[in-house]
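# Structural features, examined
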Amino acid sequence: MAGFRHETERLVLRDWREEDWAEFFRHTNTPAVMRWLGGELDEAGMAAQRERVEGSARRNGFCFWVVERKADGALLGFCGLKRADAPGSTVTGAVEIGWRLREDAWGQGYAREAATAALDLAFGRFDAEEVVALTVEGNAGSWGLMRRLGMRRREELDYPDERYDPPWRDTIVYSIDRAAWESRDG
């Protein structure tokens, strides 16, 4: 979606620019960031990641947008929405929220701020009825944020993602529906 831009108190979620990709991968394709995401990407993996994000924007009008810090314009990572599409997924076609922030941005509330904005957009602008989030059991930081966002664990929707070996194969699912999002405190 050309020209997408959404601001929060400290962040901007926006469309990608050509020059963003090298910066994004420089800061997020690291052992720490990729620990629970299948490991560091090679050149082909980075190209595939870029195509998935850009393809989502073309098909859906939304994607995992750039997260930029207002104070200094630093590219912190991405956060946004896509259609779940993992092979064998129990939630294929659902609106999925996801995030990936560089390590020096962790622990400062940026992921929650960006994810809150993305959920507001999912239910407000993009008219979702439910949003899912996917991770693996070991990624406590990720599912901890899902819980703080008011999402609930959906064990009946868990599935093995056969593209990966353990510990990345067994996908756990969280979700939140419109009514729960709109009725949450704060």
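Notes on the structure in this doc start here. Keep in mind the model is a prediction, meaning the values are calculated, not measured.

## Describing the pattern of salt bridges
For the structure on display, the rule yields 23 salt bridges. Linking Glu 96 and Lys 82 is a salt bridge whose minimum nitrogen-to-oxygen distance equals 3.3 Å. Placement of Glu 96 in strand E5 (residues 95-101) and of Lys 82 in strand E4 (residues 75-83) is noted, with a sequence separation of 14 residues between them. For Glu 96, a relative accessible area of 10% gives the class buried. On the accessibility criterion, Lys 82 (16% relative accessible area) is buried. When the shortest N-O distance is used, the salt bridge between Arg 178 and Glu 182 registers 3.6 Å. You can see Arg 178 and its partner Glu 182 sitting in helix H6 (residues 178-183), four residues apart, about one turn around the helix. Exposure remark for Arg 178: the relative accessible area of 15% places this residue in the buried category.

## Some thoughts on the packing of aromatic side chains
What the rule picks out here adds up to eleven aromatic pairs. Arranged with centres 5.3 Å apart and planes meeting at 90 degrees, the rings of Trp 16 and Phe 24 form a pair that is edge-to-face. For the residue pair Trp 16 and Phe 24, the accessibility class agrees, reading buried in each case. On the numbers, 6.2 Å between centres and 25 degrees between planes, the contact of Trp 65 with Phe 126 is stacked. Remark: Phe 126 occurs in the loop between helix H4 (110-124) and strand E6 (130-136) and Trp 65 occurs in strand E3 (residues 64-69); sequence separation between them is 61 residues. Residues Trp 65 and Phe 126 agree in their burial class; the two are buried. Among the aromatic residues, those joined into a ring-pair cluster are Trp 16, Trp 21, Phe 24, Phe 25, Phe 64 and Phe 78.

## Focus on the side chain of Asp 161
Position of Asp 161 relative to the elements: it lies in the loop between strand E8 (159-160) and strand E9 (170-177). Exposure remark for Asp 161: the relative accessible area of 5% places this residue in the buried category. Those residues in contact with Asp 161, other than ones at most four positions away along the chain, are Ala 86, Arg 169 and Thr 171.

## Quick notes on the pairing of E3
Of all six residues in E3, six are buried, a share of seventy percent or more. Sheet topology note: the strand E2 (residues 11-14)/E3 ladder contains four bridges and is antiparallel. Residue pairing for E3: Arg 14 is matched across the bridge by Val 66. Sheet analysis places E3 next to E4, joined by five bridges and oriented antiparallel. When the bridges of E4 are listed, Val 66 appears paired with Phe 78.

What counts and how
Residues numbered from 1 in each chain as written. Predicted model: local features only at pLDDT ≥ 70, side-chain atom pairs only at ≥ 80, totals over all residues. Heavy atoms only, no water. Salt bridge = Lys/Arg side-chain N within 4 Å of Asp/Glu carboxyl O. Helix = DSSP H or I, 4+ residues; strand = E, 2+ residues; numbered from the N terminus. Buried < 20%, exposed > 50% of the residue type's maximum accessible area, 1.4 Å probe, protein only. Phe/Tyr/Trp six-rings, centres within 6.5 Å; stacked < 30°, edge-to-face > 60°. Contact = heavy atoms within 4.5 Å. Pairing = 2+ DSSP bridges.

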